[in-house]
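For reference, the chains in residue letters:
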Amino acid sequence: MNDHNEAREIGPVLRCFLFCAAADPDLLRDCPKSEHHKYAGVGATVFFTGLLACFSGGYAIFTAFDSFWLSIALGLFWGALVFNLDRFLVSTMKKSRNKTKELIQILPRLILSILLAIVISVPLELKIFEEEINEKMFYSEAQKVDQLDSLYSLRLQSRQSWISEIRARLDIKQENRDQLYKEYICECDGTCGSGAKGRGTECERKEKRYLQIEEEFKQDKLEAESEIGEINKMKAYLASQNTEEREDLRASIADGLLVRIRALDDLPFGPQIAIILLLISIEVAPILVKLLAPYGPYDHLLKTVEYDFEINEITSINMRNQQLNNKLTVMAAIEQSKIEQELINNEGAMNLIGEAHLELVRDQLKIWLDQEKRKLREGSETDDDSIIKV
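Reading guide: rules and limits
Residues numbered from 1 in each chain as written. Predicted model: local features only at pLDDT ≥ 70, side-chain atom pairs only at ≥ 80, totals over all residues. Heavy atoms only, no water. pLDDT = per-residue confidence, 0-100. Helix = DSSP H or I, 4+ residues; strand = E, 2+ residues; numbered from the N terminus. Contact = heavy atoms within 4.5 Å. Bend = angle between axes of the 7 residues up to and from the residue. Buried < 20%, exposed > 50% of the residue type's maximum accessible area, 1.4 Å probe, protein only. Core = buried A, V, L, I, M, F, W, Y, C linked by side-chain atoms within 4.5 Å.

## Some thoughts on the confidence of the model for the protein chain
In this model, the protein chain carries an average pLDDT of 77, and 88% of its residues clear a pLDDT of 70 or more. Across the protein chain, the element-wise mean pLDDT spans from 44 in helix 1 (residues 2–7) up to 86 in helix 2 (residues 12–20). Scored below 50 in pLDDT, residues 1–7 makes 2 contacts in the model with residues more than four places away or belonging to other chains.

Given below as structure tokens:
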């Protein structure tokens, strides 16, 4: 028997995996090696699922808070939480010979396992598709910068159109001035107009007109240059403002977990669903293993132990109930004897009261009788005295 137990001694690694599967090593010592391997496989799946959740949660925390030690602490916590949930799901699923009953047991556990797999898959997807997500985020940032540059270009075009309008008006006035100058020179040369050479009346009139337009042109040119200068200052201010807004925009663009998840949603869904299905298969593997595994010796021993425990518990409860019933019976007998004794005592007291009452009635009758006799004697004596007097 000792050789048999030593041959089935459970090592530390196997004991660890059996703990992960929530299996009882003491019961497994009496089972074949196949049962050890079966539950060790279930426990290894639970362990590595928790380890995967630890890495996944740690990366998600690091992405959100950019803190190495915080990501380690919360990653370990998340991994332990998922490990404990998986171990609970496996431990609460009992094998039986009724497959329909097992399917009813597995359904809520299967739904919870799928939800856990989906939650675990998101940080892993963020890490696996990190380059593609960074590219999406870069293009998103570039689009925002392009929108800002487009707005700057519209503002710049508006100011440039103002300058073009001012210069167009100035060019028209310059052309008008040049045309008046040509007419003035031509009139004075005698090559056009009246044909009279020299400074005549018409030459002086056109000269005066030209000089007036020249003064107006110079004044308009100064005003136009002043307006163009102001507009150029506005353009320079818009350029500096655009540079600051670009820097502020780049500084304010978020690089957090939610932005990366949104960028992940923009990627093709095929690779993502493959990772999700892979994690779902890993997460539900322990439950499916227990479901598909045949009803074995360990399950029979466990059911026997639980049945014995239930019988012992029922027996203990019955014994306690019997003790309670006996105690209640004794207490009831004592109370009954007390009541009977009180009834006997009460009956004796009533007899005494009755005798005392009878005695009182007799005394009262005796007193009444004496009083009546006295009255009769006194009445007879009175009658005798009356007869004597007569």
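## Concerning helix 10 (residues 269–292)
Along helix 10, the largest kink reaches about 50° and is centred on alanine 285; proline proline 286 follows within four residues of it. Of all the residues in helix 10, the buried ones are Gln272, Ile275, Ile276, Leu279, Ile280, Glu283, Val284, Pro286, Ile287, Lys290 and Leu291.

## Digging into the nonpolar core
One finds Ile120, Phe129, Ile133, Leu264 and Leu279 to be the most contacted residues of the largest nonpolar core, which totals 18 residues. Listing elements by their share of this core, those giving two or more residues are helix 4 (33–65), helix 6 (99–128), helix 7 (130–189), helix 9 (257–265) and helix 10. When residues of this core are assigned to their parent elements, the largest contribution, 5 residues, is made by helix 10. Core analysis: the second largest hydrophobic core is formed by 12 residues, Ile10, Phe17, Ala23 and Tyr39 among them.

## Focus on the side chain of glutamate 35
Within the fold, glutamate 35 resides in helix 4. When neighbours within four sequence positions are excluded, glutamate 35 is seen to be in contact with Leu28, Gly296, Pro297 and Tyr298.

## Brief notes about unusual backbone geometry
Here alanine 22, not a glycine, exhibits a phi torsion of approximately 60°, which is positive. Its place among the elements puts alanine 22 in the loop between helix 2 and helix 3 (25–28). We classify alanine 22 as partly exposed; its relative accessible area is 29%.

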